[in-house]
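Structural features, examined
Here's the letter readout for the chains.
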Amino acid sequence: MSTIRLEPCVSIDFDSSTLDEIVTKAKDWALMHGVCMRSRQNFSPDSINFAPFVLVPSAFPKKEFEKAIELQTLVNEMIHRIANNYEFLKSTLAITNTVDPFTAQLFKIYTTVQEEGVSQEECCCGLFRCDYMLDRDAVRQVEINTIASSFAGICTRVTRLHRFVMQELSHGDKLQQIPENNALEALCGGMLKAWEIYNQPQAVILFIIEEITYNICDQRFHEFEIRKQNPNVRVIRRNLTQLGRGGASLDAEKKLIVDGHEVAVIYFRCGYAPDQYMSADGCEWDARLMMERSKAIKCPSISYHLAGTKKVQQVLADPGNLERIFDDPDKVARLRDVFTGLYSLDLDEEGDRAAEMAIQNPDKYVLKPQREGGGNNVYGEEVGEVLKQLKGNPERASYILMDVIKPPLLQNWMVRPSTQPMRVDTLSELGIFGVIIGTAKEILHNSVGGHMLRTKIHTANEGGVAAGLGALDSPFLVDL
Ligand code: ADP
Ligand code: MG
């Protein structure tokens, strides 16, 4: 199958002085507007670098962008329904829980709280990001992030950066092809709605953060936007270790108290990876359980977190399972339309067949463990090697297998700190944000919340911006 190419939105054949001028100006714009992160190489709490970006926005088919936007409230509803379906989560994750200690530990907290009796009135808030890649010319779902979905803050600025660059390049007539992006406003609006539902004017919003926050601007933009939308709301930031070592307590009414502040809403930007629960005494797990028990509104609840696991994604793609979530065949069809091939690797006949298929053609598949945050998947030849090693081993079931999606290639200039801009073949991944608030009984709010585009050099397996291989981008909508 030949690779499809998209044309850049405008000519990118610049002479060297024009390139130098526009890149320098764009970097300064990025620095001055917070399209920035802390450096991993030269870390200092007192300085930031601009985040990697591509110089001009990437062409993206308008029809597929709109399709993904229109689908988001249904994706939100799907996660909400799964999260509130104990039997579905239990049966789906049963085998995973026997071979993946991290998922098992999350599930244990979930079960503990369920058994203690969660009130039907208890509210959860989901701030999701559903990621897609183009497979030839149609969007296919890569994954749904249900915890710590990042970049809503920075990507709204990247949209503006690209509008500025296009104007500087004398293409100001094309700005309407770069869609508005309200991701930050939408996500913070969601947290504030949850805060209002909690209904205690003195209560704060607690951000759960990592030991060191590299993606600081993105997080601070959320904090500042909350203050902007509601000047009465305070945000406090703590890491799991601090909370687990006495920094938090539950009172008799299950109010979560952190340094004297009652917490209305907990926003997790951490807590999705095993290395975030590293203390030998398990204090981070204690903190997670305490928060889950509390009446603070969790973004996300542990049930939303579990509904976002890769195993759930794979099981949903199996025939008949979406129908366990939705009665409406139209909803099932719309969701299924964006799924790509996903295969169980459980230690049974079906799993053996999938493993054999991937050993024969490793390049066609991605092997994924139950992890989040990038850098965990297996690609190419290694897919076959890992699966051969896992033959007959129950641990194979901790992975799922997925068809590789091959998006069209597009040339762009990639701009990174401390290196010359590089003209490279790239490919992109579109993320659509969604906000949902609801109880086990009803959905109180469900909306789409803006978008982000990440673009990577076509030879890189993964394009995590925080991880270092990707660059921030925005879509330039075109009719194909
Ligand atoms: P994580 O939870 O670590 O972000 P993802 O499923 O999003 O896991 O995978 C990480 C990255 O790997 C994606 O952002 C994408 O660049 C690449 N990737 C994942 N699945 C596929 C796929 N099926 N085809 C092509 N690339 C993929
Ligand atoms: Mg991802």
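Whatever comes next refers back to the structure up there.
What this report covers is the structure whose coordinates are included nearby. Values in this document were obtained by computation on a predicted structure and should not be read as measured data.

Our focus in this paragraph is the packing of helix α1 (residues 16–32) against helix α5 (residues 152–168). It is the contact of α1 with α5, at a shortest axis distance of 10 Å, that shows an interaxial angle of 150 degrees. With respect to their mutual orientation, α1 and α5 come out roughly antiparallel. Here α1 and α5 pass one another in a crossing that is right-handed. Counted together, Ile 22, Lys 25, Ala 26, Trp 29 and Ala 30 of α1 and Arg 157, Arg 160, Leu 161, Phe 164, Val 165 and Glu 168 of α5 form the full contact between these two elements.

A separate point is the sheet that holds strand β14 (residues 365–369). If you walk across this open sheet you meet the four strands as β13-β16-β14-β15, and the pairing is antiparallel. Edge positions in the sheet fall to β13 (342–344) and β15 (378–379), since each of these pairs with one other strand and no more. Strands in contact with helix α11 (residues 310–317) are β13, β14 and β16 (399–403); relative to β13, the strand with the most contacts, it is inclined by about 105 degrees.

The next point concerns the pairing of strand β8 (residues 235–239). Burial runs high along β8: five of the five residues are buried. A two-sided burial pattern is seen for β8, the buried positions comprising Val 235, Arg 237 and Asn 239 on one face and Ile 236 and Arg 238 on the other. In this structure, strand β7 (residues 204–209) lies alongside β8, joined through five bridges in parallel fashion. When the sheet's bridge partners are listed, Leu 206 is paired in β8 with Ile 236. At this point the chain moves from β7, through helix α7 (residues 216–229), to the parallel β8, and the crossover so formed is right-handed.

Running from N to C, helix α14 (residues 349–360) and helix α15 (residues 381–389) cross one another at 140 degrees; their axes reach a closest spacing of 8 Å. Regarding the angle of α14 to α15, the classification is oblique. As α14 runs across α15, the sense of the crossing is left-handed. Touching Ala 355, Ala 358 and Ile 359 of α14 are Val 383, Gly 384, Leu 387 and Lys 388, all from α15. Split by residue class, the contact of α14 with α15 holds five nonpolar, one polar and one charged.

The next subject is the side chain of His 451. If you trace the backbone, His 451 turns up in strand β19 (residues 443–457). Not counting chain neighbours up to four residues away, the residues in contact with His 451 comprise Phe 65, Cys 155, Thr 159, Pro 179, Glu 180, Asn 181, Ala 183, Leu 430, Gly 431, Ile 432, Phe 433 and Pro 475.

It is worth spelling out the packing of aromatic side chains at this point. Scanning the entire structure with this criterion turns up 11 aromatic pairs. Relative to Phe 164, the ring of Trp 29 has its centre 6.3 Å away and its plane inclined at 25 degrees; by these criteria the two rings are stacked. Separated by 135 residues along the polypeptide, Trp 29 in helix α1 and Phe 164 in helix α5 bring together distant segments of the chain. For the pair Trp 29 and Phe 164, one class covers both residues: buried. It is Arg 40 that lies over the ring of Tyr 214; its NZ or CZ is 4.1 Å from the centre. Seen from the ring of Phe 268, Arg 288 lies directly overhead, with NZ or CZ sitting 4.7 Å from the centre.

Rules behind the numbers
Residues numbered from 1 in each chain as written. Chains lettered and ligands numbered in written order. Predicted model: local features only at pLDDT ≥ 70, side-chain atom pairs only at ≥ 80, totals over all residues. Heavy atoms only, no water. Axes fitted to C-alpha atoms, helices over the stretch in contact; angles between N-to-C directions. Helix = DSSP H or I, 4+ residues; strand = E, 2+ residues; numbered from the N terminus. Parallel < 35°, antiparallel > 145°, perpendicular 65-115°, else oblique. Left-handed = near helix turned anticlockwise from the far one by under 90°. Contact = heavy atoms within 4.5 Å. Pairing = 2+ DSSP bridges. Buried < 20%, exposed > 50% of the residue type's maximum accessible area, 1.4 Å probe, protein only. Right-handed = clockwise from strand over helix to strand, strands pointing away. Nonpolar A, V, L, I, M, F, W, Y, C, P; charged D, E, K, R; others polar. Phe/Tyr/Trp six-rings, centres within 6.5 Å; stacked < 30°, edge-to-face > 60°. Lys NZ or Arg CZ within 6 Å of the ring centre and 35° of its normal.

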